[in-house]
Number of protein chains: 2
Amino acid sequence: MKDDVNILILSCGTRNKIVQYFKRELLDKGSVIATDCSNLAPALYEADKHYIVPRMDDEGYIDVILSICKENNIKAVLSLIDPELSLLAQHKQSFLDIGTIPIVSGYETIELCFDKYKMYEFLIRSEIQTVKSYIEKEKFYSDVKIGVINYPVFVKPIKGSASINISKVTSKEEIELLFSRFDNLMIQEFMDGTEYGADVYIDMISSEPVAIFIKEKIKMRAGETDKSVSIKDERLFELIKKFVKETGFKGIIDIDIFNVNGEYFISEVNPRFGGGYPHAYESGVNVPSMIINNIDGKVNTNMIGQYDEDIYMMKYNEIKIRKEMKKVGGEL
Amino acid sequence: MKDDVNILILSCGTRNKIVQYFKRELLDKGSVIATDCSNLAPALYEADKHYIVPRMDDEGYIDVILSICKENNIKAVLSLIDPELSLLAQHKQSFLDIGTIPIVSGYETIELCFDKYKMYEFLIRSEIQTVKSYIEKEKFYSDVKIGVINYPVFVKPIKGSASINISKVTSKEEIELLFSRFDNLMIQEFMDGTEYGADVYIDMISSEPVAIFIKEKIKMRAGETDKSVSIKDERLFELIKKFVKETGFKGIIDIDIFNVNGEYFISEVNPRFGGGYPHAYESGVNVPSMIINNIDGKVNTNMIGQYDEDIYMMKYNEIKIRKEMKKVGGEL
């Protein structure tokens, strides 16, 4: 129906929980529609309706998405994977023209997140503590000599998500080997401290951060938080508020932070729902309902820090079973 | 009660599905009790009752487990992690003496699985095709020269589970670097083909393989099967039957197999429930019920191949939330 609050989740992949949460918050107010380029994306089968779409880099992809929006009277669209965020931001006006709000930050802000070295420079300019980074290995070697930085360090691609190709290295020999095998690498300080993740919602109407949930990462697995515990710290809330306002984020983002000897260092931002968001939701930080409020034209009230500390999250594997599927899509 | 079929699952970790399946099969016939050394093991909270126990390598660990068995009138015990399998096999008689059956293979068989090079030699002797392996790098270099093996190859620890420290290497230089940094490595041929996993149940009473479920691995993530599809092949069923009988396995095991140009190569065995077992269960290969039959003194009938082909399994993350836990156990 025309007034239904229908929400489209692009590249839903294995993010079943996100689809479930939107369905739970919408109830009979509207439907959740999901897309993926593979029919082996289990989150497709959580949605009220799903589409197998072309790969994002295919010509005409955005037209397919726009026509799904029109056909299903979609009020808001969001994506769960990085490269698609830039695409949504670039085509923001085309979505708005048909009455669909893209829940996403601006293009420049998104690009800043995907270039770890540019983000490093931005943070330095903004006088926010961050993780020492180098793209020139000679500069790094000379800083090692004068004791500004020490081994071990991480070598990782400047652009790239999760832990793909990240190596902890302990010698010049290994750095030379990695730089000779791969392009566009950077060297990053190894932070010997505690890692935090912050799920932050920046209201789409007021542009103010209205929710911040902080978790200490207890155990990682394949670049994802496997176990975490909720914590609160006014000083970190203030730092995050300053950072997200200077950067101009909108909607839901996920920030990685290190705590070394009580000092906070902002490391990276995923300008979308992070993999650990279910911890925030289950602790009462209800971003889907904030998004629905924004769609309804309502500004969210500030609820930063309104959750309990010492809530533990533990991930495990759940499975979806499907019979006799047609072989379609990128992953098959 | 005395006749209850109570089952103890040791080191349950994140294997929530295994605990759920046993509970579902037992219904009101008995209880599932779970242990782990960390209170952040989410599967603990699926069980009817759980215990946080010392680390497996702590002195007195086995006595703690034996007393849990006595206290809860446990009829069968199984473990979900590798190092504990040897321990269960070593103390088999102590468990049998108190009326608890360890669902596990014999000690020698388990040790064979954990030493990838010994398994390689065993398979060669048994004239079963396997993946070319080397522990002496000089022998490998000379085989490269005469064209018996080519780069890329995998370098991995001889003993070690999942993908810990596995590197795909393309040059002698990298092999030298890895061998200089780590001990007890082996070089293994890179198999350019399809990877299969087989979940096999060898009846604890008749010692006959009674169930085999084969899945083609479609996508891996962090050493685990993320997506798979069920397949059947009489030739592979026969090969697996021959292999498990020669090796003397008992209970539930998980076999990794490569298919290269229609030829099968057995690669590794986990002599326990594999991470992909939920695919078999959801396709009707009900190992928990076979274990319960064996506990009841019933021999299972052969049901090898009794499942449907083209059933797809897709994993995603589910979470458990716990409030205000005491900080106990190894992982905290």
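Values in this document were obtained by computation on a predicted structure and should not be read as measured data.

A. Local environment of the sheet that holds strand β6 (residues 133–134) of chain A. Residues and elements named next belong to chain A. Strands sit in the order β6-β9-β7-β8 across an open sheet of four strands; the sheet is antiparallel. For this open sheet the edge positions go to β6 and β8 (167–169), each flanked by a neighbour on one side alone. Two elements, strand β7 (residues 153–157) and β8, share three bridges in a ladder whose sense is antiparallel. Across the sheet, Phe 154 pairs through a bridge with Lys 168, a residue of β8. Along the sheet, helix α8 (residues 172–181) makes contact with β7, β8 and β9 (185–189), crossing β8 at roughly 145°.

B. Summary view of the interface of chain B and chain A. In this assembly, 45 residues from chain B lie in contact with 45 residues from chain A. Together, the buried faces of chain B and chain A total about 4400 Å²; carbon and sulfur atoms form 59% of this surface. By the criterion of area lost to chain A, the three top residues of chain B are B:Tyr312, B:Met314 and B:Tyr316, representing 20% of everything that side buries. Where chain B packs against chain A, one counts four salt bridges. Measuring nitrogen to oxygen at the nearest pair gives 2.8 Å for the salt bridge that ties A:Glu318 to B:Lys17.

C. Here's a closer look at the relation of the copies chain B and chain A. Once turned by 180° and shifted 0.0 Å along the axis, chain B lies on chain A with an RMSD of 0.0 Å. Both copies are brought into coincidence by an operation consistent with a two-fold rotation axis. The C-alpha atom lying nearest the rotation axis in chain B is that of B:Asn317; the distance is 2.5 Å. Looking at the interface residues of chain B, 100% of them are also at the interface in chain A, so both copies use one shared face.

D. Highlighting the state of the cysteines. Residue and element names in this part refer to chain B. This structure, assessed with the given rule, holds zero disulfides over all chains. The structure places no disulfide on Cys 37, whose sulfur is separated from the nearest cysteine sulfur, that of Cys 12, by 9.8 Å. Left without a disulfide partner, Cys 69 is nearest to the cysteine sulfur of Cys 12, which lies 14 Å away.

E. The confidence of the model for chain A, seen in detail. Residues and elements named next belong to chain A. Counting all residues, the mean pLDDT for chain A is 93, and 95% of those residues have values of 70 or more. Below pLDDT 50 for its whole length, residues 328–332 participates in 17 contacts with residues either more than four positions away or in separate chains. The ipTM, which scores confidence in the relative placement of chains, is 0.89 for this predicted complex, and the corresponding pTM is 0.90.

F. Just the domain arrangement of chain A, in detail. What the domain assignment reports for chain A is domain 1 (6–103), domain 2 (132–189) and domain 3 (193–314). Taken over C-alpha atoms, the centre of domain 1 of chain A sits 37 Å from the centre of domain 2 of chain A.

G. Expanded view of the sheet that holds strand β13 (residues 251–260) of chain A. Taken in spatial order, the 12 strands of this open sheet run β14(A)-β13(A)-β10(A)-β11(A)-β12(A)-β15(A)-β15(B)-β12(B)-β11(B)-β10(B)-β13(B)-β14(B), and their pairing is antiparallel. With one partner strand each, in any of the chains shown, β14 (263–270) of chain A together with β14 (263–270) of chain B form the two edges of the open sheet. Averaged over all neighbouring strand pairs, the angle between strand axes comes to 35°, with direction disregarded. In terms of strand pairing, strand β12 (residues 224–231) of chain B meets strand β15 (residues 311–323) of chain B through three bridges, oriented antiparallel. What sits directly across from B:Ser228, in β15(B), is B:Met313. Running at roughly 25° to strand β10 (residues 194–202) of chain A, helix α11 (residues 287–295) of chain A makes contact with β10, β11 (209–221) and β13 of chain A of the sheet.

H. A look at the pattern of salt bridges. Residues and elements named next belong to chain B. Applying the stated criterion to the full structure yields 40 salt bridges over all chains. Between Arg 55 and Asp 57 there is a salt bridge; the shortest N-O distance is 3.8 Å. By relative accessible area, Arg 55 is classed as partly exposed at 42%. Notably, a salt bridge pairs Glu 189 with Lys 132, separated by 3.8 Å at the nearest N-O pair. With Glu 189 in strand β9 (residues 185–189) and Lys 132 in the loop between α6 (116–125) and β6 (133–134), this pair connects stretches of sequence that are 57 residues apart.

I. Up close: helix α3 (residues 82–90) of chain B. All names here are of chain B. In terms of burial, α3 is a largely internal element, seven of the nine residues being buried. For α3, the full list of buried residues reads Asp 82, Glu 84, Leu 85, Ser 86, Leu 87, Leu 88 and Ala 89. At its buried positions, α3 is contacted by β1 (6–10), α2 (61–71), β4 (74–79), α4 (92–97), α5 (107–114) and β14.

Conventions and cut-offs
All chains use their own residue numbering, which begins from 1 and follows the written sequence. Numbering of ligands from 1 and lettering of chains from A proceed in the order in which they are written. Thresholds applied to this predicted model are a pLDDT of at least 70 for local features of residues and 80 or more for the giving and counting of side-chain atom pairs; totals over whole chains, interfaces and linings are not thresholded and use all residues. Side-chain calculation: all heavy atoms of the structure are included, whereas hydrogens and water are not. Pairing between two strands is assigned when DSSP locates at least 2 bridges connecting them. Numbering of helices and strands runs from the N terminus, with a helix taken as a DSSP run of H or I at least four residues long and a strand as a DSSP run of E at least two residues long. Whether two residues touch is decided by their heavy atoms; if any such pair falls within 4.5 Å, the residues are in contact. Convention adopted: a line fitted to C-alpha atoms gives each axis, helices being fitted over their contacting stretch, and angles between N-to-C directions are expressed from 0 to 180 degrees. By buried area we mean how much accessible surface two parts lose on assembly, using a 1.4 Å probe and totalling the loss over both. Salt bridge, as used here, is a side-chain nitrogen of Lys or Arg placed within 4 Å of a carboxyl oxygen of Asp or Glu. A least-squares superposition brings the copies together, and it is based on the C-alpha atoms of residues with pLDDT no lower than 70 in both. The definition used for a disulfide is geometric: two cysteine sulfur atoms within 2.5 Å. Looking at any residue, its pLDDT shows the predictor's confidence there, from 0 to 100. An automatic or database domain assignment is the source of the domain bounds shown. When a residue's accessible area, from a 1.4 Å probe over protein chains only, is under 20% of the maximum for its type it is buried; when over 50% it is exposed; and in between it is partly exposed.

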